[in-house]
Amino acid sequence: MNAPTNLNESQVPAQLRERLVVIGNGMAGCRAVEEILARDAGRFDITIFGAEPRVNYNRIMLSPVLAGEKAFDDIVINPMAWYEDNAITLVSGDPVVSIDRATQTVVAKSGRVEPYDRLLIATGSDPFIIPVPGKDLEGVVTFRDLDDVDKMLAAAEAGQQNGGGHAVVIGGGLLGLEAAHGLNLRGMTVTVIHLMPTLMERQLDEAAGWLLKAELERRGQQILTGANTKEIIGKDGKVAGVRLEDGREIPADIVVMAVGIRPATGLAKSAGLEVERGIMVDDHMVTSDPAVLAVGECVQHRGACYGLVAPLWDMCRALADAACGVPSGYEGSVTSTKLKVSGIDLFSAGDFSGGDGAEDIVMRDAARGVYKRVVVKDDRLVGAVLYGDTADGSWYFDLLKKGEDVSSIREALIFGQAFASGGALADPNAAVAALSDDAEICGCNGVTKGKVVDTIKAGACSLDAVRATCKASASCGSCTGLVESLLALTLGDEVQQGARTLCKCTSFGHDDVRRLIREKSLKALPQVFQELHWSTPEGCASCRPALNYYLLCEWPGEYEDDQRSRFVNERMHANIQKDGTYSVVPRMWGGLTNPRELRAIADVVEKFNAPMVKVTGGQRLDIFGIKKEDLPAVWADLNAAGMVSGHAYGKSLRTVKTCVGSEWCRFGTQDSTGLGVKLERMTWGSWMPHKFKIAVSGCPRNCAEATIKDFGVVCVDSGYELHVGGNGGIHVRATDLLCKVSTEQEAMDVCAAFVQLYREQAWYLERTAPWIERVGLEYVKKALLDSEQSVPVLAARFRYSQQFMQDDPWAERAAGKHAELHQHLAEVRPLQLETL
Amino acid sequence: MIGDWLDIGPVDQIAPGTARTLPVRGGEEIAVFHTTHGEFFALVNKCPHKHGPLSQGIVHGTVVTCPLHSWNISLKTGEAQGEDKGCVPTIPLRVDAGRIYLLRSAVVGAKAPEPQAA
């Protein structure tokens with residue numbers, strides 16, 4: 001990469017040359033010098049100061065050095081001979097400590113004073129050190145220069161002698177993951193601690209971040225996302241481990257801090273140059289002092305600071321053009337990222353945060369572990385994320401930089417350059433039409449194009465019908481587009497729309513999604529998105545809550561509830577009202593209460609100035625007008641009187657309404673109140689596809705209105721009639737009689753089994769009434785009553801699930817869990833606005 | 001620069017994919033959003049439709065779905081998406097060295113639009 005031999009050297013006598021002093025012997029400083037030499041080698045008398053005691057090397061190749069794929073000599077850009085050949089004075093290992101702009105001199109640490117006519121600041125950036133206790137311990141390093149690499153290698157070597165060492169990398173960004181990869185290859189047990197839930201969140205979206213995490217874990221790294229470092233633990237002045245905010249401790253022989261960089265602006269700032277985040281420069285890399293230039297990661301240009309290498313080259317060209325008298329101007333850079341971890345193909349460029357007018361095109365191939373997403377806005381490509389197959393990265397990057405109109409190839413854009421440039425093939429239908437009859441369409445089920453076409457000709461007129469008949473696209477769904485093309489080619493306008501899909505993000509219906517979650521053992525939202533080929537990067541407000549429920553229902557005790565996928569009421573455990581306040585309904589088992597509970601409710605109403613209290617239709621009390629920040633305190637007071645959440649806000653068991661039954665009523669046939677309390681104790685806390693109400697009436701007069709509830713019990717002399725599928729809402733529906741049993745225990749068991757059948761089979765947001773209308777009462781009866789095993793098996797699954805559900809969510813919040821959901825960030829007062 | 005921008009604290013106080021609120025005495029409460037992609041946005045915490053608290057909605061991409069009637073509001077522009085019409089003011093925001101700053105004049109000056117009739 002040496003500068004080419006110079007052809008147009010100025011004929012300036014040496015003593016009259018301008019003195020150019022460069023602060024920084026790194027990639028930017030030396031590249032700027034190379035560019036100047038290439039234009040006019042005799043123009044300047046050049047002195048370069050470097051803090052590191054070595055020649056100029058390629059800093060971004062430190063990762064391969066750490067990984068053992070390259071040696072230091074391989075990454076040297078300019079050897080000593082280059083400095084000598086170009087008559088450059090290199091002052092290495094002696095950093096500049098001050099700039100005096102008045103006398104136009106710089107002073108180095110050793111006391112050396114160097115006068116300049118033009119000064120170039122290329123100090124790069126400093127690693128950001130998080131201010132936690134223990135950050136200064138021996139063994140805490142950054143990943144910036146060769147000395148850092150040497151320290152890591154020493155730790156790995158020491159570890160090998162003791163049977164493997166432990167390394168902790170704080171920061172799951174580009175640099176941190178490359179450090180982790182290198183240390184892993186060097187035989188260390190590596191843990192990556194990342195504050196955000198997604199690795200490399202600046203470059204990747206959630207979907208790609210999840211794939212990357214899964215791959216790194218497969219390689220034996222432990223990846224802790226959403227993990228906040230509290231302190232670095234030391235022993236005898238040396239690092240011994242890392243403690244997280246949640247109390248976890250991870251042993252460590254070395255800790256690498258790679259949480260980010262910030263422009264190194266200290267020198268410029270104390271010299272009085274204009275500095276914001278970086279040193280302010282114009283399009284010719286000139287600072288607020290015309291005699292002082294700046295370039296690289298230390299500068300801020302048109303509001304942007306760069307931490308990648310590509311913009312340096314553009315900046316250095318503009319700088320050299322201007323310094324040599326032919327100003328061209330730098331206009332900022334579009335950047336792209338590749339992760340230098342062997343075997344992982346990952347590319348990202350541009351803006352893929354979505355937003356107005358931006359349209360996502362997503363392609364997933366679960367079998368190959370591929371995720372591709374391009375973002376198109378105003379017919380231009382504005383962003384791309386590729387995982388698993390980055391062959392088209394440079395093509396997308398080129399389209400993006402040039403801002404070319406992509407409307408003509410839009411349909412085929414996601415399939416890459418080869419496909420999109422194929423003329424007629426850019427029409428996906430034409431591409432499918434060109435396939436031979438024995439071409440495989442569905443890899444999962446081994447279905448050829450000929451077979452799919454025959455199936456369609458034999459009467460399968462919709463996607464669902466094709467899936468049901470020949471199984472094409474019924475497994476992972478990645479060939480859905482191909483099957484749809486075949487439908488369109490074979491039938492034209494005759495194609496019938498199939499069953500309702502879960503939402504616009506997928507071609508699968510609810511039943512298929514639930515079946516595939518079970519069959520493929522999918523246990524996380526990003527995994528569902530990837531394996532079922534979701535067409536959006538992170539789902540929408542319709543599918544996220546549905547999938548969260550399906551996962552929760554399928555994997556009780558295993559799946560961790562995702563608060564971000566919850567509707568507000570379920571996230572806040574209270575009912576939002578039109579003014580943004582909440583109402584709170586404590587549970588009253590079977591509608592029973594006592595003086596202690598009533599006093600506690602009265603006290604809460606007064607203490608928190610609740611403007612209204614109302615008796616609900618479900619035999620409870622509803623306290624209105626509570627602010628979100630007061631909710632935990634309200635719950636603490638209610639908890640203290642023995643009350644728990646009433647789940648009046650949830651797709652869950654709401655109330656069990658009862659009448660007084662045989663204990664008081666002259667007509668009562670059984671203890672309906674007691675049974676109601678038992679049913680509520682059994683079912684409370686369970687999440688369901690929709691809200692679920694139960695009632696128990698003590699006689700056929702049915703004072704508890706059991707025949708418009710999801711599950712209703714009507715007591716009779718000889719036992720209990722069990723009713724299902726009632727609804728008192730928009731479409732009033734009386735229950736269907738499911739069966740009659742003779743004991744309380746049987747009634748409880750059938751209730752548990754029915755609830756579980758509904759939980760496992762209904763669609764999200766489908767009440768029991770429309771569910772039964774859809775599947776038919778006979779189906780429900782058959783599923784519950786045909787075999788003697790059905791009720792016990794379903795009831796056992798319900799009871800197993802319930803052991804994870806019956807922790808009072810209010811008690812957790814009152815104890816401080818998820819406090820961030822309730823507290824404001826701060827309050828802004830006028831005084832603060834004036835003075836801060 | 002310090003004078004124009006109001007420091008409202010570190011970025012890690014808002015988990016990605018969520019929002020938190022900033023009441024302004026004598027002014028409109030502000031919702032500060034953090035997307036799963038790591039971007040931050042600030043809007044007046046009132047849906048242009050019926051003044052629902054946007055901070056309590058589900059965030060997907062750079063859109064929040066209002067908790068009251070499921071209007072989708074762009075975090076970038078404050079505009080209602082799709083068939084719905086309306087716009088809520090946004091507050092210029094920047095992130096610097098791990099802290100969030102709001103444009104001071106916009107914090108005090110923000111006005112919510114009148115709620116829409118049924």
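Model, not experiment: these values are computed from the prediction.

K.L.:
Would you mind showing me how to read the packing of helix α22 (residues 744–761) of chain A against helix α24 (residues 777–785) of chain A here?
P.N.:
Geometrically, a packed helix pair is captured by the angle between its two axes and the distance between the axes. Residue and element names in this part refer to chain A. It is the contact of α22 with α24, at a shortest axis distance of 11 Å, that shows an interaxial angle of 120°. Put simply, α22 runs oblique to α24. Viewed along their axes, α22 and α24 form a crossing whose handedness is right-handed. Contact with α22, carried on its side by Ala753, Phe754, Leu757 and Gln761, involves Tyr779, Val780, Ala783 and Leu784 of α24 and no other residues of that element. A per-class count over the contact of α22 with α24 returns seven nonpolar, one polar and no charged.

K.L.:
Would you take a moment to explain the interface of chain A and chain B for this structure?
P.N.:
Contact with chain A, which involves 50 residues of that partner, is made by 44 residues of chain B. Here chain A is connected to chain B by zero salt bridges. Summed over the shared surface of chain A and chain B, the number is 13 residue pairs in polar contact (both at pLDDT 80 or more). Mapped by element, the contributors of at least two residues to the side of chain A that touches chain B are α18 (568–572) and α27 (830–835) of chain A. Broken down by element, the side of chain A that touches chain B gets its largest block of residues, four residues, from α27(A).

K.L.:
I'm lost on empty space enclosed by the protein in this one. Help?
P.N.:
Vacant regions in the atomic arrangement are exposed by a probe of water-molecule size rolled over the atoms. By the definition in use, this model includes two cavities of 30 Å³ or more. Arg571(A), Leu821(A), Thr18(B), Ala19(B) and Ser55(B) are, among the 16 residues lining the largest cavity, the residues nearest its centre. For the lining of the largest cavity, the elements supplying multiple residues, two or more each, are α18 of chain A together with β2 (18–22) of chain B. In terms of residue count, the dominant contributor to the lining of the largest cavity is β2(B) (four residues). Residues belonging to the lining of the largest cavity are distributed by class as follows: three nonpolar, eight polar and five charged.

K.L.:
In this structure, what is going on with the sheet that holds strand β13 (residues 189–193) of chain A? I would like to understand it.
P.N.:
Whenever strands of a sheet pair, they do so through backbone hydrogen bonds, lying parallel or antiparallel. All names here are of chain A. Pairing within the open sheet is parallel, and its five strands lie in the order β11-β18-β12-β13-β14. On the outer flanks of this sheet lie β11 (140–142) and β14 (222–224), each paired with one strand and no other. Adjacent strand axes in the sheet meet at a mean angle of 20° when their direction is disregarded. Bridge count between strand β12 (residues 166–170) and β13: five bridges; the pairing is parallel. Within the sheet, the bridge partner assigned to His166 lies in β13 and is Thr189. Relative to β13, helix α5 (residues 174–185) is tilted by about 170°, and along the sheet it contacts β12, β13 and β18 (254–257).

K.L.:
Teacher, can you tell me more about the domain arrangement of chain A here?
P.N.:
By a widespread convention, an interface's size corresponds to the accessible area lost as its parts come together. Each domain of chain A was delimited in the assignment, giving domain 1 (14–126 + 263–323), domain 2 (140–259), domain 3 (345–426), domain 4 (431–561), domain 5 (568–650) and domain 6 (653–802). Summarising the inter-unit geometry, the C-alpha centres of domain 4 of chain A and domain 5 of chain A are found 44 Å apart.

K.L.:
Help me out: how do you make sense of the pattern of salt bridges in this one?
P.N.:
Think of it this way: side chains of opposite charge can pair up when their charged atoms draw near. Residues and elements named next belong to chain A. Taken as a whole, this structure holds 49 salt bridges over all chains when the rule is applied. In this structure, Arg544 and Asp562 form a salt bridge, with 3.2 Å as the shortest nitrogen-oxygen distance. Placement of Arg544 in helix α17 (residues 543–554) and of Asp562 in the loop between α17 and α18 is noted, with a sequence separation of 18 residues between them. For the pair formed by Arg544 and Asp562, the shared burial category is buried. Here Arg566 makes a salt bridge to Asp561, at a shortest N to O gap of 2.7 Å. Classification of Arg566 as buried rests on a relative accessible area of 6%. Of the residues examined, Asp561 reaches a relative accessible area of 26% and is grouped as partly exposed.

Quick notes on the rules
Residues numbered from 1 in each chain as written. Chains lettered and ligands numbered in written order. Predicted model: local features only at pLDDT ≥ 70, side-chain atom pairs only at ≥ 80, totals over all residues. Heavy atoms only, no water. Axes fitted to C-alpha atoms, helices over the stretch in contact; angles between N-to-C directions. Helix = DSSP H or I, 4+ residues; strand = E, 2+ residues; numbered from the N terminus. Parallel < 35°, antiparallel > 145°, perpendicular 65-115°, else oblique. Left-handed = near helix turned anticlockwise from the far one by under 90°. Contact = heavy atoms within 4.5 Å. Nonpolar A, V, L, I, M, F, W, Y, C, P; charged D, E, K, R; others polar. Salt bridge = Lys/Arg side-chain N within 4 Å of Asp/Glu carboxyl O. Polar contact = N/O pair within 3.5 Å; in protein donor to acceptor, adjacent residues only side chain to side chain. 1 Å grid on protein atoms, 1.4 Å probe; cavity = no way out; pocket = protein on both sides within 12 Å on 5 of 7 lines; lining within 4 Å. Points joined across faces, edges and corners; volume = space filled by probe spheres on them. Pairing = 2+ DSSP bridges. Domains from an automatic or database assignment. Buried < 20%, exposed > 50% of the residue type's maximum accessible area, 1.4 Å probe, protein only.

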